[in-house]
There are 2 protein chains.
Amino acid sequence: MNNRSQNISQQDDYIDHVKSRGRVHPEQTVLYHQGDGVSGFYRVNSGIVMVYRLLPDSQRQISGFYTQGDFFGLSSSDAHPDTAVTVSTANIVMLTLHDIRQSIALQKTLFDMACSQLDTAQTLITTLTKRSAAEKVATFLVMLSQRQGQQGVSFDIRLPMSRQDIADYLGLSIETVSRMLTKLKDGGVIHLPNRNTIHICDYIRLKIIAREKSVQN
Amino acid sequence: MNNRSQNISQQDDYIDHVKSRGRVHPEQTVLYHQGDGVSGFYRVNSGIVMVYRLLPDSQRQISGFYTQGDFFGLSSSDAHPDTAVTVSTANIVMLTLHDIRQSIALQKTLFDMACSQLDTAQTLITTLTKRSAAEKVATFLVMLSQRQGQQGVSFDIRLPMSRQDIADYLGLSIETVSRMLTKLKDGGVIHLPNRNTIHICDYIRLKIIAREKSVQN
DNA sequence: CGACGCCTTGAATTTAGTCAAAAGTAGTGG
DNA sequence: CCACTACTTTTGACTAAATTCAAGGCGTCG
């Protein structure tokens, strides 16, 4: 799929073209800091990136986890409102404002991504405000399963982030996250072979707990 | 907010052009329904619009309140994930997909708006997960004050939405919203002359309670 | 006036948070 | 390979906060 860099009218061509510029970063690499000037947007080629805000009282709100194909760092303001850091080794491309000006198709993609992230944010808000701690944790695990392309009833998922990261994403305390995982384990829904792996024993039940709309698949 | 979009003269021309097509709707008019096909985006010329999602268990999550100059209905999917309804009499313009194709500047504006709404959503998530009920209600009142262009220490704000609307926006019960308003009243921060008006007696203190970054202004 | 809808208040309950301690996991160096 | 240490996660007991359920008040409009 590698093509000459001249014709960039097709979106996929342009993404492919730019994708090859990706750089690999080890885990815990900061890609940009809260307050840094915005000089472009980012795309995840591989790995996981976490974006968070630090509040004045030194609390931390994790805005999201981004995986292959996701864009992040989208902002219309001059300065990034959040910090982006790799959770695992990750290959990341930066799209400069110059790149974006080059391709109408890329602009369209970015708009679609922004809209899609808006939708995701609203869905998250619903989870955060209308769901119990148990439901939040189950929802998080379902999200991870989907992102890792898992299907079926029983499978392993990787959990590269810490319990504290999960807590800061779901707006719970680390103790509550731990308790809910234990509860799911005691209920036979999951297994916890080690701290960075979760074995889903009963995905159907997990989805019911998470109140997924489509309990199928 | 979206400072990058301010300097594009062409954009304002186009907005002005389209703005004149706005139509006035009485309060409680549904502009689109959850599930309707997306045939364009909307801009508020005047009045207030509320956007919400109905969940399968008939709970309601209010995604946002939109006022003059705000865009809403931004979605990259085929169907609207939410319902938009006027809270007060409102003048609304619909931008068709055809309109948007016409103007590069408008596309840019829409992207900036989407990014700005993403930022707003993340800030809201922080409020919802890290703040107490009292802080949430205070934050809501500060937001209303800012939207209504209020300044100084003491002034009236209109409250066209119901207590239930506020509760569904902040993820609280209606009783808690009521109790927190009472608490603010008892603390001398606000007055409640009638159900649709709040008199802010001490905006400084309100902002402190809301943990506003800039307690100035 | 009376009825309805919306808002407020009160009491009991539930949920998640906090504080404290124990258990488990890496990682290091002898 | 084991012991030591530092860190993360889990568990337990208690506390604080918000929800729920129930009743009462207030306005509005017929």
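Keep in mind the model is a prediction, meaning the values are calculated, not measured. (Residues numbered from 1 in each chain as written. Chains lettered and ligands numbered in written order. Predicted model: local features only at pLDDT ≥ 70, side-chain atom pairs only at ≥ 80, totals over all residues. Heavy atoms only, no water.)

What exactly am I supposed to notice about the interface of chain A and chain B here?
Reports of interface size often rely on the accessible area that becomes lost once the parts have come together. In this complex, chain A contributes 41 residues to the contact, which on the side of chain B involves 41 residues. With both chains or domains summed, chain A and chain B bury close to 3,500 Å², and 60% of this area falls on carbon and sulfur atoms. Taken as a group, S76, F111 and K130 of chain A account for 19% of the area that chain A buries against chain B, more than any other trio of residues on that side. Taken together, the links from chain A to chain B amount to six salt bridges. (Contact = heavy atoms within 4.5 Å. Buried area = accessible area lost by both parts, 1.4 Å probe. Salt bridge = Lys/Arg side-chain N within 4 Å of Asp/Glu carboxyl O.)

Sorry, what's going on with the packing of helix 3 (residues 104–130) of chain A against helix 3 (residues 104–130) of chain B here?
Packed helices, taken two at a time, are described by their axes: the angle between them and the distance between them. Put simply, helix 3 of chain A and helix 3 of chain B touch, their axes get as near as 9 Å, and they point 20° apart. Taken together, the axis directions place helix 3 of chain A and helix 3 of chain B in an arrangement best described as roughly parallel. Viewed along their axes, helix 3 of chain A and helix 3 of chain B form a crossing whose handedness is left-handed. Listed contacts from helix 3 of chain B to I104, L110, F111, A114, Q117, L118, A121, L124, I125, L128 and T129 of chain A of helix 3 of chain A are I104, L110, F111, A114, Q117, L118, A121, L124, I125, L128 and T129 of chain B. Tallied by class, the residues present in the contact of helix 3 of chain A with helix 3 of chain B amount to 18 nonpolar, four polar and no charged. (Axes fitted to C-alpha atoms, helices over the stretch in contact; angles between N-to-C directions. Helix = DSSP H or I, 4+ residues; strand = E, 2+ residues; numbered from the N terminus. Parallel < 35°, antiparallel > 145°, perpendicular 65-115°, else oblique. Left-handed = near helix turned anticlockwise from the far one by under 90°. Nonpolar A, V, L, I, M, F, W, Y, C, P; charged D, E, K, R; others polar.)

What am I meant to see in helix 4 (residues 133–147) of chain B here?
Side chains three or four residues apart in an α-helix point the same way, a direct result of the helix having 3.6 residues per turn. Residues and elements named next belong to chain B. The terminal C-alpha atoms of helix 4, which comprises 15 residues, lie 21 Å apart, in line with the 21 Å expected from a rise of 1.5 Å per residue. Buried residues dominate helix 4, accounting for twelve of its 15 residues. For helix 4, the complete set of buried residues consists of A133, E135, K136, V137, A138, T139, F140, L141, V142, M143, L144 and S145. Residue G149 follows helix 4 closely and has a positive phi angle near 65°. (Expected span 1.5 Å × (residues − 1). Buried < 20%, exposed > 50% of the residue type's maximum accessible area, 1.4 Å probe, protein only.)

Could you clarify how one ought to interpret the side chain of N45 of chain B in this entry?
Residues and elements named next belong to chain B. Examined against the element boundaries, N45 turns out to sit in strand 3 (residues 40–46). From its side chain, N45 meets the backbone oxygen of K19 in a polar contact 3.1 Å long. A polar contact is formed between the side chain of N45 and the side chain of R43, at a distance of 2.7 Å. (Polar contact = N/O pair within 3.5 Å; in protein donor to acceptor, adjacent residues only side chain to side chain.)

When you look at the protein's contact with DNA strand C in this model, what are you seeing that I'm missing?
In the vicinity of DNA strand C lie 16 residues, with A133, T176 and R179 of chain A together with R163 and T182 of chain B positioned nearest. Here DNA strand C approaches the protein such that, of its atoms within 4 Å, sugar and phosphate make up 62%. Separating a phosphate oxygen of DNA strand C from a side-chain N or O atom of R163 of chain B is a distance of 2.8 Å. Take R195 of chain B: an N or O atom from its side chain is 3.5 Å from a sugar or linking oxygen of DNA strand C. Those elements that provide at least two residues to the surface near DNA strand C are helix 6 (174–186) of chain A together with helix 6 (174–186) of chain B. When residues in the surface near DNA strand C are grouped by element, the largest group, four residues, is from helix 6 of chain B. A per-class count over the surface near DNA strand C returns two nonpolar, seven polar and seven charged. (Near = heavy atom within 4 Å.)

What's the story with a nonpolar patch on the surface in this structure? I'm lost.
Residue and element names in this part refer to chain A. Together, V153, I204 and I208 make up a nonpolar patch on the protein surface, roughly 240 Å² of accessible area in all. Tracing the chain through its elements places V153 in the loop between helix 4 (133–147) and strand 9 (155–158). In this structure V153 comes out as partly exposed when scored by relative accessible area, which is 41%. (Patch = residues over 30% accessible without salt bridge, like charges linked within 9 Å, V, L, I, M, F, W, Y side chains within 5 Å. Areas by Shrake-Rupley, 256 points an atom, 1.4 Å probe, with all protein chains shown as cover.)

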